[in-house]
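# Working through the structure, step by step
Read off the chains here:
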Amino acid sequence: MKSMADLIREHPFLAGLSDEYCELVAGCAKNVVFEPGSYIIREGQPAGQFHLLREGQVSLEVYAPRRGSIVLQTLGANDILGASWIVPPYRWTSDARAVERVRAFAFDATCLRGKCEADPALGYALMKRFVPIILQRVTAARMQSLDLYGASV
Amino acid sequence: MSGASTKLAPMPLRVLSSTRETADSMTLVLERPPGGSVGPGAPGQFNMLYPFGIGEAAISLSSDTADRFVHTIRGVGAVSDALGRLRPGDTLGVRGPFGNGWPMERARGRTLVLVAGGIGLAPLRPVIHAVLRDRSAYGKLFVFYGARSPRERLYVGELERWQAGGAMDLSVTVDFGDANWAGRVGFVTALLGHAQFDPAETLLMTCGPEVMMRAVANQMIGRGVAPGDVYVSLERNMKCAAGLCGHCQFGSIFICKDGPVFTYDRVEHLLRVREI
Ligand SMILES: Cc1cc2nc3c(=O)[nH]c(=O)nc-3n(C[C@H](O)[C@H](O)[C@H](O)COP(=O)(O)OP(=O)(O)OC[C@H]3O[C@@H](n4cnc5c(N)ncnc54)[C@H](O)[C@@H]3O)c2cc1C
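Everything in this summary refers to the structure shown in the same document.

About the criteria used
- The written sequence of each chain sets the order in which its residues are numbered from 1.
- Going through the entries in the order they are written, you letter the chains from A and number the ligands from 1.
- Per-residue local features are limited, in this predicted model, to residues with pLDDT of at least 70; the limit for side-chain atom pairs, both in listing and counting, is 80 or more; totals at the level of whole chains, interfaces and linings are taken over all residues.
- Where side-chain values are given, they derive from all heavy atoms of the structure, hydrogens and water being excluded.
- Think of a nonpolar core as a cluster: buried Ala, Val, Leu, Ile, Met, Phe, Trp, Tyr and Cys residues, connected wherever their side-chain atoms sit within 4.5 Å.
- Burial here depends on accessible area, computed with a 1.4 Å probe over protein chains only, as a share of the maximum for the residue type. Under 20% is buried, over 50% is exposed, and the range in between is partly exposed.
- Helical segments are the DSSP runs of H or I of at least four residues, strand segments are the runs of E of at least two, and each set is numbered from the N terminus.
- We call two residues in contact when some of their heavy atoms are within 4.5 Å.
- Only heavy atoms are used to decide nearness, and a residue is near a molecule or strand if one of them lies within 4 Å of it.
- Under the rule applied, a polar contact is a pair of N or O atoms within 3.5 Å (in protein, one hydrogen donor and one hydrogen acceptor; residues adjacent in sequence only if both atoms are side-chain atoms).
- Domain limits in this description derive from either an automatic procedure or a database domain assignment.
- Pairing between strands is defined by DSSP: at least two bridges between the two strands are required.
- The axes used here are C-alpha line fits, helices contributing only the stretch in contact, and every angle between their N-to-C directions lies in the interval 0 to 180 degrees.
- Classification of ring pairs uses Phe, Tyr and Trp, with its six-membered ring standing for Trp, and accepts pairs whose centres are within 6.5 Å; under 30 degrees between planes counts as stacked, over 60 as edge-to-face, and the remaining range as tilted.
- Criterion for a charge above a ring: Arg CZ or Lys NZ at most 6 Å from the ring centre, at most 35 degrees from the ring normal.

## Some details on the nonpolar core
Counting 41 residues, the largest nonpolar core has Leu 14, Val 25, Ile 40, Phe 50, Leu 81 and Phe 107 of chain A as the members making the most contacts within it. No other element matches the five residues that strand 8 (residues 102-108) of chain A contributes to this core. Setting aside chain neighbours within four positions, we find Leu 81 of chain A in contact with Ile 40, Ile 41, Phe 50, His 51, Leu 53, Val 58, Leu 60, Leu 75 and Ala 96 of chain A. By size, the runner-up hydrophobic cluster in this structure holds 40 residues, among which are Val 113, Phe 197, Val 232 and Ala 241 of chain B.

See the structure below:
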């Protein structure tokens with residue numbers, strides 16, 4: 001049977017991370033499953049973990065009075081879910097709901113932050129993986145807000 | 001009819017059918033000119049459509065059927081609105097087909113990544129038809145389509161067939177979902193990021209808002225696709241469509257005659273220019 005370190009190493013987010021660091025972060029990880037319709041995270045709640053998605057679609061939503069839940073973006077296999085665990089006050093800024101059955105690795109945030117603080121090289125290796133994704137998402141969100149296809153060709 | 005008169009004088013052609021695609025776009029099927037005087041047109045080429053008395057607009061071929069001209073038009077102004085009001089039996093003026101089209105020969109044997117935004121799916125649809133007709137001649141086919149909302153997707157029935165057919169990897173995403181939409185929400189680049197392809201083998205064709213094409217081209221080049229394998233369709237306004245009037249000229253490039261399809265390295269600077 002594959003160890004947790006072997007499993008997480010196969011996720012594209014951790015591609016290229018050294019065996020030693022894979023072992024280290026695997027100690028904070030567990031396998032989780034969410035049934036369709038269930039919430040993985042809730043806005044305002046403590047950001048106690050972060051997820052690497054393995055399969056199934058997730059929608060990031062905000063709730064607006066009278067309009068209900070508005071889908072900001074969807075995520076799927078190989079995406080990461082959640083960055084609020086990195087920055088104080090460690091609270092989620094949106095809801096995330098499983099649209100399909102979702103399988104993911106959940107990393108305990110306190111455990112992971114502790115290991116990053118203790119070994120800044122691990123922290124840097126992880127941040128180098130996070131920052132491009134966050135940047136790409138910010139750019140994509142800007143494009144989305146431009147309402148490009150509503151304008152002419 | 002000589003080639004020259006076809007290019008400069010509109011042929012009157014009859015509308016065979018008009019189908020509503022979305023609130024502001026229609027697909028028109030036109031009869032073919034009689035006597036085989038006009039070539040069938042290649043994916044990425046366009047016709048100049050002339051609703052009589054109003055004006056002309058460049059509109060891409062949106063199917064590769066040899067016996068019809070098929071065009072999908074989004075109403076954004078006087079000409080395109082008038083085209084959208086045409087009904088079966090009506091007649092309009094047509095010149096064309098013009099333009100160089102997508103690089104279908106170069107695409108053979110390669111992995112194809114097509115990225116369409118909004119009405120930009122129309123000029124890419126003939127590429128999909130051509131690949132499906134001769135599937136083994138091409139490598140993997142990825143199609144990414146971004147629309148404003150579920151209701152603003154074009155060719156909905158066909159998208160469903162493509163999705164179910166297994167001949168391509170189709171991803172559709174919308175900027176704004178609705179209560180019934182269980183598909184993806186977000187910008188196309190988010191989906192593109194996870195597609196598994198070998199950059200050296202890949203040829204990209206993209207059509208949509210220029211801001212989108214820029215983002216897509218840069219992302220693909222960042223992943224290692226050669227700038228010369230990144231093709232964009234520049235749909236700037238044009239008049240004569242035959243490389244004569246200079247309306248769409250920029251430096252040495254005439255969008256109508258040399259394009260509308262260009263490799264990104266040739267036109268990257270143009271995508272930063274507001275109007276030509
Ligand atoms: C090669 C080529 C292929 C095209 N294919 C299609 C197609 O398949 N389907 C389709 O619906 N449209 C297509 N277009 C765009 C179409 O030609 C224009 O939308 C049309 O000319 C608008 O004419 P109009 O008189 O209706 O609007 P106008 O009154 O001329 O314009 C209305 C508004 O749209 C803007 N606009 C006009 N043309 C363009 C353009 N080309 N790009 C960006 N903004 C524009 C104007 O700035 C204005 O804000 C294509 C254009 C080119 C050059």
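## Some points on the site of the ligand
The environment of the ligand is made up of 21 residues, and the closest members are Ala 58, Arg 74, Ser 80, Glu 235 and Asn 237 of chain B. Around the ligand, the nearby residues trace back to chains A and B. Between a nitrogen atom of the ligand and a main-chain N or O atom of Thr 72 of chain B, the distance comes to 2.9 Å. In the model, an oxygen atom of the ligand is placed 2.8 Å from a nitrogen or oxygen of the Arg 74 of chain B main chain. Per-element accounting of the shell around the ligand gives the leading share, four residues, to strand 4 (residues 57-60) of chain B. Residues lining the shell around the ligand come from more than one domain, with at least three contributed by each of domain 1 (11-98) and domain 2 (104-271) of chain B.

## What to know about the sheet that holds strand 6 (residues 80-81) of chain A
All names here are of chain A. Overall, antiparallel pairing links the four strands, which are arranged 1-8-3-6 in an open sheet. In this open sheet, the two edge strands, each paired with only one partner strand, are strand 1 (29-34) and strand 6. Packing of helix 3 (residues 109-118) onto the sheet brings it into contact with strand 3 (49-55) and strand 8, and relative to strand 8 it is tilted by some 50°.

## Structural notes on the packing of aromatic side chains
Across all of its chains, the model carries ten aromatic pairs over all chains by this definition. Ring geometry for Phe 50 of chain A versus Trp 85 of chain A: centroids 5.2 Å apart, planes at 15°, classification stacked. Residue Phe 50 of chain A is located in strand 3, and its partner Trp 85 of chain A is located in the loop between strand 6 and strand 7 (95-98); the two are separated by 35 residues in the primary sequence. Accessibility assignment for this pair places Phe 50 of chain A and Trp 85 of chain A in one class, buried. An angle of 35° between the planes, with centres 5.8 Å apart, marks the rings of Phe 46 of chain B and Phe 98 of chain B as tilted. Note that Phe 46 of chain B is positioned in strand 3 (residues 46-50) and Phe 98 of chain B in strand 6 (residues 91-98), a separation of 52 residues in sequence. Overall, Phe 98 of chain B belongs to the buried group, its relative accessible area being 4%. An aromatic cluster is defined as three or more aromatic residues linked by ring pairs; in this entry it consists of Phe 13, Phe 50, Trp 85, Phe 107 and Phe 130 of chain A. For the cation-ring pair, Arg 32 of chain B lies above Phe 69 of chain B, with the distance from its terminal atom to the ring centre recorded as 4.5 Å.

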